[in-house]
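Chain by chain, the residues:
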Amino acid sequence: WATGIVWIDEVQWTRFLRGDKAMTVASFRAPWAHKTAQFTDVTLALSAGPEEGDPIPGFGTSNGPRGVARALGTWGRRLLASLEVIDPGSGMAAIGRTVLEPLSEGQETGPMVSDILLFEPGEDLPEGLDAAMKLARSGTTVPVGSAVGLYWETYRAGAGEAFEVSLAVEQARAGLLKRVGRTFGLGGKARPIKLSWNGAGGEGVVAQSIEVDLADLPKGRYAIILTLKRGTEAELQTVREIEIVGR
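How each quantity is defined
- Residues numbered from 1 in each chain as written.
- Predicted model: local features only at pLDDT ≥ 70, side-chain atom pairs only at ≥ 80, totals over all residues.
- Heavy atoms only, no water.
- Phe/Tyr/Trp six-rings, centres within 6.5 Å; stacked < 30°, edge-to-face > 60°.
- Helix = DSSP H or I, 4+ residues; strand = E, 2+ residues; numbered from the N terminus.
- Buried < 20%, exposed > 50% of the residue type's maximum accessible area, 1.4 Å probe, protein only.
- Lys NZ or Arg CZ within 6 Å of the ring centre and 35° of its normal.
- Pairing = 2+ DSSP bridges.
- Axes fitted to C-alpha atoms, helices over the stretch in contact; angles between N-to-C directions.
- Salt bridge = Lys/Arg side-chain N within 4 Å of Asp/Glu carboxyl O.
- Polar contact = N/O pair within 3.5 Å; in protein donor to acceptor, adjacent residues only side chain to side chain.
- Contact = heavy atoms within 4.5 Å.
- Core = buried A, V, L, I, M, F, W, Y, C linked by side-chain atoms within 4.5 Å.

Draft legend 1. Structural context of the packing of aromatic side chains. Under the definition given, this model contains two aromatic pairs. With centroids separated by 5.9 Å and ring planes inclined at 55°, the aromatic side chains of F16 and Y151 adopt a geometry described as tilted. Taken together, the residues F16 in strand β2 (residues 10–18) and Y151 in strand β13 (residues 147–155) connect sequence positions 135 residues apart. Residue F16 shares its accessibility class with Y151, and that shared class is buried. A cation over an aromatic ring shows up here: R230 above the ring of F163, its NZ or CZ 4.4 Å from the ring centre.

Draft legend 2. Examining the environment of G204 more closely. Here G204 is to be found in the loop between β15 (193–199) and β16 (205–213). A relative accessible area of 39% places G204 in the partly exposed class. Placed 50 residues apart in sequence, G204 and T154 show a C-alpha to C-alpha distance of 8.1 Å.

Draft legend 3. The arrangement of the sheet that holds strand β12 (residues 141–143) in detail. Across the sheet, five strands lie side by side as β12-β18-β17-β14-β15; this open sheet has mixed pairing. In the strand order of this sheet, the two ends are held by β12 and β15, each with one partner. Averaged over neighbouring strand pairs, the angle between their axes works out to 25° when direction is ignored. Bridging between strand β17 (residues 220–229) and strand β18 (residues 236–245) involves nine bridges; their strand directions are antiparallel. Following the sheet pairing, G220 is matched in β18 by I244.

Draft legend 4. Structural view of the pairing of β18. Judged from the three bridges that link them, β12 and β18 form a sheet pairing that is parallel. Across the sheet, residue P143 finds its bridge partner in β18, namely V245. As consecutive antiparallel partners, β17 and β18 are separated by six residues, and within that stretch G231 has a phi angle of approximately 55°, a positive value.

Draft legend 5. Structural view of the pattern of salt bridges. Evaluated as defined, the whole model comprises 10 salt bridges. With its nearest N and O atoms 3.0 Å apart, the salt bridge here joins R78 to E101. Note that R78 is positioned in the loop between β7 (66–74) and β8 (79–87) and E101 in the loop between β9 (92–100) and β10 (112–113), a separation of 23 residues in sequence. When the shortest N-O distance is used, the salt bridge between E120 and R137 registers 2.8 Å. One end of the pair, E120, is in the loop between β11 (117–119) and α1 (129–135); the other, R137, is in the loop between α1 and β12, with 17 residues separating them in the sequence. When its relative accessible area of 30% is taken as the criterion, E120 is described as partly exposed.

Draft legend 6. Focus on the side chain of S27. The topology assignment puts S27 in strand β3 (residues 21–29). From its side chain, S27 meets the backbone oxygen of R137 in a polar contact 2.8 Å long. When neighbours within four sequence positions are excluded, S27 is seen to be in contact with E10, V11, Q12, G67, V68, A136, R137, S138 and G139.

Draft legend 7. A look at unusual backbone geometry. One non-glycine residue, R156, lies in positive phi territory at about 55°. With respect to the element layout, R156 can be found in the loop between β13 and β14 (163–171). We classify R156 as partly exposed; its relative accessible area is 32%.

Draft legend 8. Up close: the nonpolar core. In terms of nonpolar packing, the biggest core is built from 24 residues, with L150, L214, I224, L226 and I242 touching the most fellow members. At the level of secondary structure, the elements contributing two or more residues to this core comprise β13, β14, β16, β17 and β18. Aside from chain neighbours lying at most four places away, what touches L226 is V113, I116, W152, V165, S166, L167, L236, Q237 and T238.

Following this line, the structure appears as structure tokens:
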């Protein structure tokens, strides 16, 4: 099978609603020594626990050490995600694992928002998940002085009044940032980025993407906080933690 196994350090995990399922996307960079490495058997498996039966298999593609995989799982359950790739040239295998909290715990009706997927900015913004996956960053680190693309989706928003959308990028104190619905602490000396605009709702899946310039932010850990408000409805919020690193 494989002559050696290493850990995948750079993985960006994101989830998107598809019907009554959650599409989990893992974009990654495998730690191969040679950049021309190609993968076979790129797989992403999701499991809700032994009582749920066999893990749900997914599939993936690769381009050198970069790749992306996706799998469908239950959106309202805590899941163990397991990513596995093989480089036939070296006989090496790489694995990545994480625990995914429910995409929107206890919310079976009404508007929802997905996770934020980070992507490499290009000439055009992606208009759907397939296009965003092709540009997805392999992990959540961003080089200092650069820009980053953000892709997300809203669901079941209806065709009524537009959302008031706000986006903040603020320095995060290590260890205090957590998933939406839990407490997170923000602070630090970096001047935060704050943007706001009106975003339309819509039936089904509504894809949205923007490019944000992070050139003025120094190295460190940050929280990207996306908030959507509409009338008297409960606000929707999703948070993505990133780290700005040296080039």
